[in-house]
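Chain by chain, the residues run as shown.
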Amino acid sequence: MEENQVSRRLIIEPVNSTDGSKGEILNHSILIPSVWTLLATLFSILFLSCNTGDATSGTAQAPLFTLAPGPPITVAGGPSNVLVGDMNKDVKPDLVVASEQARTITVLLGVEGSDGRFRGTGGSALTVSDTPGEMVLGDVNGDTNLDLAFVTHDSYRVTILLGDGKGGLALAANSPVVMKQGQHPHTHGLAMDDLNRDGKLDLVTVNNADNDVSVAFGDGRGNFSLAPGSPFAVGPSPYPLAVGDVNNDGHSDIVATTTATGPQRSQQLPFSRALTLLLADGRGGFRSSLLPLRTGQPWFVVIGDLNGDRKPDLMATHHERSKLTVLLGDGNGGFKETSASPFDFGHNAWHMVLGDVNRDGKPDVLAAAGDGVGIMLGDGGGGFMPASHSPFLTGKGTWRLAAGDVNGDGKVDIITTDTESATVGILLGR
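To keep things clear, this report deals only with the structure shown in the data block. (Residues numbered from 1 in each chain as written. Predicted model: local features only at pLDDT ≥ 70, side-chain atom pairs only at ≥ 80, totals over all residues. Heavy atoms only, no water.)

1. Some thoughts on the pairing of strand S24 (residues 323-329)
Here is step 1: Burial runs high along S24: 5 of the 7 residues are buried.
Here is step 2: Judged from the 4 bridges that link them, strand S23 (residues 313-318) and S24 form a sheet pairing that is antiparallel. Within the sheet, the bridge partner assigned to alanine 316 lies in S24 and is threonine 325.
Here is step 3: Remark: 4 residues form the turn of the hairpin made by S23 and S24, two consecutive strands paired antiparallel; glutamate 320 in that turn has positive phi of roughly 55°.
Here is step 4: Bridging between S24 and strand S26 (residues 343-344) involves 2 bridges; their strand directions are antiparallel. (Buried < 20%, exposed > 50% of the residue type's maximum accessible area, 1.4 Å probe, protein only. Helix = DSSP H or I, 4+ residues; strand = E, 2+ residues; numbered from the N terminus. Pairing = 2+ DSSP bridges.)

Right under this line is the structure:
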């Protein structure tokens, strides 16, 4: 303010020249403070930019991810799914990769200090009799080793492979587990959780053609039996589900999608603008309700606290669409779509996970997006916007993904299955 006042004085109060003329000095007086004011203004802008704007925009503009050095991991037959877990108990993330076409399961062990490099378990990929589709990891027999369960697209069976704690997998004696007796097997989802609060992992499968989900209780020794009342009805053509305690009662609940992609698609579409919520009673029973959506055909769904109120919220992607739906929870099992939802990825998005990729303490969304990974940054209040440089290219046909710190630098990395490239892609967090 004082500089502006000085400038004004210089302009309106010319100084006498040595020859008594005021006009020439007046012109100079007008010119000099104008330049000074301009320079001061520019300096202020640059100073503010360096201290605030550039730091923020630099964070936003710099790519959040870079491709891991070296060639991508080639998988015979092409990868169809991938999971991250410590398969050999060395406290380093490993990869479990499925190939539907080759009917194989491959375990790739993480290398300490590497930039996303992995090595095999010393043998060839494990060939399985059923085509591996959806997969989950968990200790089903209580030996502290991670085991693998997977389903087959056109079967009601769940195959169980027991881990040896060294990266090896072997078919369990009681495998497969038959989740349902029916005429139209079309399994599109699998989850593992303790649904009856006995401290033992149970199985949940999604029966796409039957419009229901099946539940089987585990005994902690690797055996499973169907839950009373199973299967449980959900919306039309459900796809992969989400399991978690959405009403904070200590019981794991189930959220199912409604893709309306079956043979009766035209009849199902009017009923596809909702998720199905199955609230658990802790004994294996569920109470069903619908969660309305503005956008139809929800495909993948995740559970997480998106606005920091310690109440579970929901997110969903949609069939062949770029939309991201956000519903905030009230902590009692009620959900309401936010006023700004759905958000736009800018491209079609499929399988997704949550992770804090820019390390601001707010959950972000990572989604498989055709030939790469789409990133939506969260604002901590339930709002999202595309990250700079999104989508991050990996390989053709990116369909599934997993997140984990594969190089031990404390940053979220992304592993993708690139089906058309027949490779596993790795994006390292920067």
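Alright, that's what it looks like, and here's the rest.
2. Quick word on the pairing of S23
Here is step 1: Of all the 6 residues making up S23, 6 are buried; the element is thus mostly covered by neighbouring parts of the structure.
Here is step 2: Direction of pairing for strand S22 (residues 298-304) relative to S23: antiparallel, over a ladder of 5 bridges. By the bridge assignment, glycine 304 is partnered in S23 with aspartate 313.

3. Observations regarding the nonpolar core
Here is step 1: Counting residues in each nonpolar core, the largest one holds 16 residues, and the members touching the most others are Val204, Val213, Val215, Ile254, Leu278 and Phe286.
Here is step 2: Broken down by secondary-structure element, the contributors of at least two residues to this core are strand S14 (202-207), strand S15 (212-218), strand S19 (253-256) and strand S20 (274-280).
Here is step 3: Among the elements that take part in this core, S15 stands out by supplying 3 residues, more than any other.
Here is step 4: Apart from the residues lying within four places of it in its own chain, the contact partners of leucine 278 are Val213, Phe232, Ala233, Val234, Asp253, Ile254, Phe286, Arg287 and Ser288. (Core = buried A, V, L, I, M, F, W, Y, C linked by side-chain atoms within 4.5 Å. Contact = heavy atoms within 4.5 Å.)

4. So, unusual backbone geometry
Here is step 1: Of note, the amide linkage connecting serine 230 to proline 231 takes the cis form, showing an omega dihedral of 5°.
Here is step 2: Relative to the helices and strands, proline 231 is located in the loop between strand S16 (224-226) and strand S17 (232-233).
Here is step 3: In this model, arginine 197 sits at a positive phi of 60°, which is unusual for a non-glycine residue.
Here is step 4: Counting through the fold element by element, arginine 197 comes out in the loop between strand S13 (187-193) and S14.
Here is step 5: Residue classification places arginine 197 among the exposed residues on the basis of a relative accessible area of 53%.
Here is step 6: The phi angle at serine 237 is positive, at roughly 55°, despite the residue not being glycine.
Here is step 7: Relative to the assigned elements, serine 237 resides in the loop between S17 and strand S18 (242-244).

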